[in-house]
Amino acid sequence: MSDHQMEDNHAGAFSRIPELLLSSGGVKMPLLGFGTASDPPATPEATKLAVLEAIRLGYRHFDTAALYLTEEPLGEAVIEAVKLGLISSREELLITSKLWCSDGHAQLVLPALQKTLRNLKMEYLDLYLIHWPVSSKAGVYEYPIKKEDFLPMDYEKVWASMEDCQRLGLTRAIGVSNFSRKKLSNILACAQIPPAVNQVEVNPLWQQKKLIEFCKASGVVVVAFGALGSVGTFYGTDRVLQSEVLREIAKTKGKTVAQVSLRWAYEQEIGVVVKSFNRERMRENLEILDWGLNNDERKKISEIPQSRVCNGQDYTSVHGPFRTVQELWDGDI
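Presented here is an overview of the structure given in this document. (Residues numbered from 1 in each chain as written. Predicted model: local features only at pLDDT ≥ 70, side-chain atom pairs only at ≥ 80, totals over all residues. Heavy atoms only, no water.)

### Details of the overall build of the chain
Okay, step 1: Check the secondary structure of the chain and you find 11 helices and 13 strands.
Okay, step 2: For 333 residues, the compact-globule estimate of 2.2 N^0.38 gives 20 Å, and the chain sits close to it at 19 Å.
Okay, step 3: Across its three principal axes, the chain shows a C-alpha extent of roughly 55 × 50 × 35 Å.
Okay, step 4: The buried share among the 333 residues of the chain stands at 54%.
Okay, step 5: Look at the contacts in the chain between residues 6 or more apart in sequence, and 70% of them connect residues 24 or more apart.
Okay, step 6: Element-wise, carbon and sulfur atoms account for 51% of the exposed surface of the chain, whose accessible area totals about 14000 Å². (Helix = DSSP H or I, 4+ residues; strand = E, 2+ residues; numbered from the N terminus. Rg over C-alpha atoms; globule rule 2.2 N^0.38 Å. Buried < 20%, exposed > 50% of the residue type's maximum accessible area, 1.4 Å probe, protein only. Contact = heavy atoms within 4.5 Å. Areas by Shrake-Rupley, 256 points an atom, 1.4 Å probe, with all protein chains shown as cover.)

Shown next, in the form of C-alpha coordinates:
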(Lines give C-alpha, C1' and ligand atoms only; values in the text may rest on other atoms or scores of the structure.)
Protein backbone atom coordinates (compact mmCIF):
# COMPACT_ATOMS: atom_id res chain seq x y z
CA MET A 1 0.00 0.00 0.00
CA SER A 2 1.35 3.39 -0.96
CA ASP A 3 -0.20 5.73 1.61
CA HIS A 4 -0.80 3.66 4.70
CA GLN A 5 1.11 0.88 6.36
CA MET A 6 -0.40 -2.56 5.86
CA GLU A 7 -0.13 -5.58 8.08
CA ASP A 8 -1.67 -9.04 8.19
CA ASN A 9 -4.33 -10.01 10.69
CA HIS A 10 -3.71 -13.63 11.69
CA ALA A 11 -6.78 -13.94 13.87
CA GLY A 12 -9.23 -15.00 11.16
CA ALA A 13 -10.12 -18.65 10.87
CA PHE A 14 -10.40 -18.73 7.09
CA SER A 15 -8.52 -15.68 5.90
CA ARG A 16 -6.00 -13.09 6.91
CA ILE A 17 -7.45 -9.68 6.18
CA PRO A 18 -4.83 -6.98 5.50
CA GLU A 19 -5.00 -3.89 7.69
CA LEU A 20 -4.51 -0.17 7.22
CA LEU A 21 -2.89 1.93 9.92
CA LEU A 22 -5.11 4.95 10.57
CA SER A 23 -3.62 8.42 10.99
CA SER A 24 -4.27 8.67 14.71
CA GLY A 25 -4.63 6.45 17.73
CA GLY A 26 -2.41 3.69 16.32
CA VAL A 27 -5.58 1.98 15.07
CA LYS A 28 -5.14 -0.90 12.62
CA MET A 29 -8.27 -1.25 10.50
CA PRO A 30 -8.98 -4.53 8.69
CA LEU A 31 -9.68 -3.56 5.07
CA LEU A 32 -12.79 -5.73 4.89
CA GLY A 33 -15.49 -4.87 7.38
CA PHE A 34 -18.87 -6.41 8.22
CA GLY A 35 -21.88 -4.08 8.01
CA THR A 36 -24.94 -4.37 10.24
CA ALA A 37 -27.41 -1.98 8.56
CA SER A 38 -30.50 -3.87 7.37
CA ASP A 39 -33.56 -2.61 5.51
CA PRO A 40 -36.06 -3.59 6.73
CA PRO A 41 -34.28 -3.96 10.09
CA ALA A 42 -33.29 -7.51 11.04
CA THR A 43 -34.31 -8.84 14.44
CA PRO A 44 -31.74 -8.36 17.19
CA GLU A 45 -31.29 -12.14 17.37
CA ALA A 46 -30.65 -12.39 13.61
CA THR A 47 -28.06 -9.61 13.86
CA LYS A 48 -26.36 -11.26 16.81
CA LEU A 49 -26.17 -14.64 15.05
CA ALA A 50 -24.86 -13.04 11.85
CA VAL A 51 -22.09 -11.23 13.74
CA LEU A 52 -21.13 -14.44 15.54
CA GLU A 53 -20.90 -16.26 12.23
CA ALA A 54 -18.87 -13.40 10.75
CA ILE A 55 -16.39 -13.66 13.62
CA ARG A 56 -16.15 -17.43 13.03
CA LEU A 57 -15.37 -16.78 9.36
CA GLY A 58 -12.61 -14.29 10.15
CA TYR A 59 -14.20 -10.83 10.06
CA ARG A 60 -12.62 -8.53 12.64
CA HIS A 61 -14.02 -5.11 11.61
CA PHE A 62 -17.68 -4.39 12.46
CA ASP A 63 -19.69 -1.33 11.46
CA THR A 64 -22.78 -0.07 13.27
CA ALA A 65 -24.50 3.25 14.01
CA ALA A 66 -27.01 4.73 16.41
CA LEU A 67 -29.43 4.85 13.48
CA TYR A 68 -29.17 1.12 12.67
CA LEU A 69 -30.43 -0.10 16.07
CA THR A 70 -27.78 -2.84 15.88
CA GLU A 71 -25.40 -1.63 18.58
CA GLU A 72 -26.94 -3.81 21.31
CA PRO A 73 -26.96 -7.12 19.35
CA LEU A 74 -23.45 -6.41 18.07
CA GLY A 75 -22.25 -5.91 21.63
CA GLU A 76 -24.02 -9.09 22.78
CA ALA A 77 -22.43 -11.05 19.93
CA VAL A 78 -18.96 -9.86 20.93
CA ILE A 79 -19.53 -10.94 24.56
CA GLU A 80 -20.77 -14.32 23.31
CA ALA A 81 -17.80 -14.69 20.93
CA VAL A 82 -15.39 -14.23 23.84
CA LYS A 83 -17.33 -16.80 25.94
CA LEU A 84 -17.19 -19.29 23.06
CA GLY A 85 -13.48 -18.74 22.56
CA LEU A 86 -13.89 -17.42 19.01
CA ILE A 87 -11.79 -14.43 20.09
CA SER A 88 -9.80 -13.95 23.26
CA SER A 89 -11.09 -10.42 23.90
CA ARG A 90 -12.92 -7.45 22.44
CA GLU A 91 -9.48 -5.95 21.69
CA GLU A 92 -9.17 -8.28 18.67
CA LEU A 93 -11.97 -6.40 16.92
CA LEU A 94 -12.34 -2.97 15.33
CA ILE A 95 -15.74 -1.49 16.17
CA THR A 96 -17.12 1.56 14.34
CA SER A 97 -20.27 3.49 15.23
CA LYS A 98 -21.72 6.80 14.10
CA LEU A 99 -23.19 10.00 15.51
CA TRP A 100 -26.76 10.60 14.35
CA CYS A 101 -27.86 13.99 13.00
CA SER A 102 -30.02 14.91 16.00
CA ASP A 103 -26.92 14.51 18.18
CA GLY A 104 -24.86 16.62 15.76
CA HIS A 105 -24.56 19.46 18.27
CA ALA A 106 -21.42 20.23 20.27
CA GLN A 107 -22.96 19.54 23.67
CA LEU A 108 -24.60 16.26 22.59
CA VAL A 109 -21.65 14.44 21.01
CA LEU A 110 -20.20 13.05 24.24
CA PRO A 111 -23.59 11.91 25.66
CA ALA A 112 -24.38 10.25 22.32
CA LEU A 113 -21.11 8.31 22.35
CA GLN A 114 -21.66 7.33 25.99
CA LYS A 115 -25.10 5.96 25.04
CA THR A 116 -23.56 4.02 22.14
CA LEU A 117 -21.01 2.51 24.52
CA ARG A 118 -23.78 1.51 26.93
CA ASN A 119 -25.63 -0.16 24.07
CA LEU A 120 -22.50 -2.04 23.04
CA LYS A 121 -21.50 -2.79 26.67
CA MET A 122 -18.02 -1.57 25.77
CA GLU A 123 -15.60 0.88 27.33
CA TYR A 124 -14.42 2.37 24.05
CA LEU A 125 -14.95 2.44 20.29
CA ASP A 126 -12.15 2.07 17.77
CA LEU A 127 -13.73 4.56 15.38
CA TYR A 128 -16.54 7.11 15.80
CA LEU A 129 -17.89 8.88 12.73
CA ILE A 130 -20.19 11.84 12.06
CA HIS A 131 -22.87 9.99 10.07
CA TRP A 132 -23.96 12.85 7.77
CA PRO A 133 -22.70 16.45 7.38
CA VAL A 134 -25.94 17.96 8.68
CA SER A 135 -27.61 18.36 12.07
CA SER A 136 -31.26 18.02 13.01
CA LYS A 137 -33.55 18.96 15.88
CA ALA A 138 -32.06 17.74 19.15
CA GLY A 139 -33.89 14.96 20.96
CA VAL A 140 -35.79 13.70 17.92
CA TYR A 141 -34.60 10.27 16.81
CA GLU A 142 -36.30 9.34 13.58
CA TYR A 143 -35.63 8.49 9.96
CA PRO A 144 -36.44 9.98 7.59
CA ILE A 145 -35.85 13.30 9.32
CA LYS A 146 -38.68 15.82 8.99
CA LYS A 147 -37.77 18.47 6.44
CA GLU A 148 -38.40 21.27 8.93
CA ASP A 149 -36.07 19.65 11.50
CA PHE A 150 -32.81 19.99 9.55
CA LEU A 151 -30.20 22.42 10.87
CA PRO A 152 -26.76 23.52 9.67
CA MET A 153 -23.96 21.65 11.42
CA ASP A 154 -21.39 23.78 13.22
CA TYR A 155 -18.47 21.75 11.89
CA GLU A 156 -15.83 23.42 14.06
CA LYS A 157 -17.68 22.95 17.35
CA VAL A 158 -18.99 19.47 16.60
CA TRP A 159 -15.54 18.34 15.49
CA ALA A 160 -13.97 19.79 18.64
CA SER A 161 -16.40 17.64 20.64
CA MET A 162 -15.41 14.59 18.58
CA GLU A 163 -11.77 15.36 19.41
CA ASP A 164 -12.67 15.55 23.11
CA CYS A 165 -14.14 12.04 22.86
CA GLN A 166 -10.85 10.74 21.49
CA ARG A 167 -8.81 12.57 24.13
CA LEU A 168 -11.01 11.00 26.83
CA GLY A 169 -10.20 7.55 25.45
CA LEU A 170 -13.83 6.78 24.61
CA THR A 171 -12.87 6.26 20.96
CA ARG A 172 -9.43 5.49 19.57
CA ALA A 173 -10.03 7.38 16.30
CA ILE A 174 -12.61 9.75 14.83
CA GLY A 175 -13.84 10.46 11.34
CA VAL A 176 -16.73 11.40 9.09
CA SER A 177 -19.16 9.79 6.68
CA ASN A 178 -20.85 11.10 3.52
CA PHE A 179 -18.59 14.17 3.41
CA SER A 180 -17.74 15.78 0.07
CA ARG A 181 -14.25 17.10 -0.62
CA LYS A 182 -15.39 20.62 0.29
CA LYS A 183 -17.05 19.60 3.55
CA LEU A 184 -14.08 17.44 4.51
CA SER A 185 -11.85 20.45 3.83
CA ASN A 186 -13.93 22.43 6.35
CA ILE A 187 -13.11 19.84 9.02
CA LEU A 188 -9.44 19.60 8.05
CA ALA A 189 -9.10 23.38 8.29
CA CYS A 190 -10.18 23.51 11.94
CA ALA A 191 -9.07 20.09 13.20
CA GLN A 192 -6.43 19.56 15.84
CA ILE A 193 -6.95 15.81 15.33
CA PRO A 194 -7.70 15.27 11.61
CA PRO A 195 -10.39 12.81 10.56
CA ALA A 196 -8.91 9.31 10.21
CA VAL A 197 -11.69 8.05 7.91
CA ASN A 198 -14.34 9.25 5.46
CA GLN A 199 -16.93 6.51 4.91
CA VAL A 200 -18.72 7.07 1.59
CA GLU A 201 -20.43 5.19 -1.20
CA VAL A 202 -17.88 3.61 -3.53
CA ASN A 203 -18.49 0.89 -6.12
CA PRO A 204 -17.64 0.30 -9.80
CA LEU A 205 -20.67 2.41 -10.80
CA TRP A 206 -19.69 5.28 -8.47
CA GLN A 207 -15.91 5.20 -8.27
CA GLN A 208 -15.26 8.48 -6.42
CA LYS A 209 -11.82 8.87 -8.01
CA LYS A 210 -11.43 12.57 -7.13
CA LEU A 211 -12.60 12.10 -3.54
CA ILE A 212 -10.32 9.08 -2.98
CA GLU A 213 -7.37 11.00 -4.41
CA PHE A 214 -8.14 14.00 -2.17
CA CYS A 215 -8.53 11.83 0.93
CA LYS A 216 -5.28 9.97 0.32
CA ALA A 217 -3.43 13.27 -0.14
CA SER A 218 -4.96 14.46 3.16
CA GLY A 219 -4.07 11.30 5.12
CA VAL A 220 -7.73 10.25 5.37
CA VAL A 221 -8.62 6.59 4.75
CA VAL A 222 -11.69 6.07 2.56
CA VAL A 223 -14.02 3.28 3.67
CA ALA A 224 -16.61 2.21 1.10
CA PHE A 225 -20.23 1.40 1.81
CA GLY A 226 -22.62 0.30 -0.91
CA ALA A 227 -19.82 -1.63 -2.62
CA LEU A 228 -22.43 -3.99 -4.11
CA GLY A 229 -25.07 -1.30 -4.75
CA SER A 230 -26.80 -1.52 -1.35
CA VAL A 231 -29.15 -4.21 -2.68
CA GLY A 232 -32.01 -4.82 -0.27
CA THR A 233 -32.19 -1.27 1.05
CA PHE A 234 -34.95 1.15 0.07
CA TYR A 235 -32.45 3.25 -1.89
CA GLY A 236 -30.39 0.37 -3.24
CA THR A 237 -30.06 -0.93 -6.77
CA ASP A 238 -29.12 -4.12 -8.56
CA ARG A 239 -27.26 -2.09 -11.20
CA VAL A 240 -23.89 -3.13 -9.76
CA LEU A 241 -24.67 -6.84 -9.61
CA GLN A 242 -26.38 -6.71 -13.02
CA SER A 243 -23.57 -4.76 -14.73
CA GLU A 244 -22.70 -6.49 -18.01
CA VAL A 245 -19.06 -5.42 -17.69
CA LEU A 246 -18.76 -6.91 -14.22
CA ARG A 247 -20.70 -10.05 -15.16
CA GLU A 248 -18.40 -10.65 -18.11
CA ILE A 249 -15.28 -10.28 -15.93
CA ALA A 250 -16.79 -12.53 -13.24
CA LYS A 251 -17.59 -15.25 -15.78
CA THR A 252 -14.06 -15.11 -17.23
CA LYS A 253 -12.46 -15.37 -13.79
CA GLY A 254 -14.84 -17.91 -12.30
CA LYS A 255 -15.86 -15.46 -9.59
CA THR A 256 -19.13 -13.86 -8.52
CA VAL A 257 -19.96 -10.29 -9.54
CA ALA A 258 -19.86 -9.37 -5.85
CA GLN A 259 -16.31 -10.73 -5.58
CA VAL A 260 -15.21 -8.75 -8.65
CA SER A 261 -16.73 -5.55 -7.20
CA LEU A 262 -15.09 -6.09 -3.82
CA ARG A 263 -11.74 -6.98 -5.37
CA TRP A 264 -11.93 -3.80 -7.46
CA ALA A 265 -12.54 -1.75 -4.29
CA TYR A 266 -9.72 -3.55 -2.47
CA GLU A 267 -7.36 -2.64 -5.31
CA GLN A 268 -8.23 1.05 -4.81
CA GLU A 269 -6.40 0.80 -1.46
CA ILE A 270 -9.52 1.65 0.52
CA GLY A 271 -11.49 -0.09 3.23
CA VAL A 272 -14.80 -1.77 2.42
CA VAL A 273 -17.79 -2.49 4.65
CA VAL A 274 -20.06 -5.13 3.14
CA LYS A 275 -23.29 -6.45 4.60
CA SER A 276 -24.69 -9.93 4.11
CA PHE A 277 -26.30 -12.12 6.75
CA ASN A 278 -26.12 -15.13 4.40
CA ARG A 279 -23.32 -17.45 5.53
CA GLU A 280 -22.19 -18.50 2.07
CA ARG A 281 -22.09 -14.93 0.77
CA MET A 282 -20.29 -13.84 3.93
CA ARG A 283 -17.62 -16.41 3.13
CA GLU A 284 -17.49 -15.50 -0.58
CA ASN A 285 -17.04 -11.82 0.28
CA LEU A 286 -13.84 -12.71 2.13
CA GLU A 287 -12.43 -14.68 -0.80
CA ILE A 288 -10.98 -11.73 -2.73
CA LEU A 289 -7.41 -11.65 -1.43
CA ASP A 290 -5.57 -14.32 -3.40
CA TRP A 291 -6.31 -13.17 -6.96
CA GLY A 292 -6.44 -9.88 -8.86
CA LEU A 293 -7.84 -8.01 -11.81
CA ASN A 294 -5.67 -7.54 -14.88
CA ASN A 295 -5.06 -4.20 -16.60
CA ASP A 296 -7.65 -4.86 -19.30
CA GLU A 297 -10.30 -5.65 -16.70
CA ARG A 298 -9.42 -2.56 -14.67
CA LYS A 299 -9.68 -0.45 -17.82
CA LYS A 300 -13.14 -1.83 -18.62
CA ILE A 301 -14.33 -1.09 -15.08
CA SER A 302 -12.87 2.44 -15.24
CA GLU A 303 -15.04 3.11 -18.32
CA ILE A 304 -18.36 2.15 -16.69
CA PRO A 305 -20.81 5.13 -16.76
CA GLN A 306 -20.95 6.74 -13.30
CA SER A 307 -23.96 7.54 -11.11
CA ARG A 308 -24.69 7.58 -7.37
CA VAL A 309 -26.91 4.99 -5.75
CA CYS A 310 -27.24 6.77 -2.39
CA ASN A 311 -27.94 10.32 -3.56
CA GLY A 312 -28.82 11.67 -0.12
CA GLN A 313 -32.17 13.12 -1.17
CA ASP A 314 -33.51 12.42 2.33
CA TYR A 315 -30.92 14.86 3.74
CA THR A 316 -32.09 17.79 1.62
CA SER A 317 -34.87 20.21 2.53
CA VAL A 318 -36.55 23.29 1.11
CA HIS A 319 -35.79 24.82 4.51
CA GLY A 320 -32.05 24.16 4.14
CA PRO A 321 -29.26 23.89 4.92
CA PHE A 322 -29.01 21.75 1.73
CA ARG A 323 -31.87 22.39 -0.64
CA THR A 324 -30.62 20.09 -3.39
CA VAL A 325 -28.39 17.03 -3.73
CA GLN A 326 -25.99 19.29 -5.63
CA GLU A 327 -25.59 21.39 -2.48
CA LEU A 328 -25.28 18.30 -0.27
CA TRP A 329 -22.44 16.88 -2.38
CA ASP A 330 -21.01 20.25 -3.52
CA GLY A 331 -21.39 19.30 -7.14
CA ASP A 332 -19.75 15.87 -6.77
CA ILE A 333 -22.68 14.03 -8.32
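So that's the structure; there's more coming.
### Points about the pairing of strand S13 (residues 271–274)
Okay, step 1: Here S13 shows a buried face lined by Gly271 and Val273 and a second buried face lined by Val272 and Val274.
Okay, step 2: Across three bridges, the pairing between strand S4 (residues 32–35) and S13 is parallel. Bridge assignment links Leu32 to a residue of S13, and that residue is Val272.
Okay, step 3: For strand S12 (residues 221–225) and S13, the ladder comprises two bridges, and the chain directions are parallel. If you follow Val223 over to S13, its bridge partner there is Gly271. (Pairing = 2+ DSSP bridges.)

### As for the side chain of His131
Okay, step 1: With respect to the helices and strands, His131 occurs in the loop between strand S7 (127–130) and strand S8 (135–136).
Okay, step 2: For His131, a relative accessible area of 5% translates into the label buried.
Okay, step 3: In contact with His131, other than residues within four places in its own chain, are Ala65, Leu67, Tyr68, Lys98, Leu99, Trp100, Ser177 and Asn178.

### Section: the state of the cysteines
Okay, step 1: Applying the stated criterion across every chain yields a total of zero disulfides.
Okay, step 2: No disulfide involves Cys215; its nearest neighbouring cysteine sulfur is the one of Cys190, lying 16 Å away.
Okay, step 3: Judged by its relative accessible area of 0%, Cys215 falls in the buried class.
Okay, step 4: Considering cysteine sulfurs only, Cys101 is the nearest to Cys310, which forms no disulfide, with 12 Å between them.
Okay, step 5: Its relative accessible area of 8% is what places Cys310 among the buried residues. (Disulfide = S-S within 2.5 Å.)

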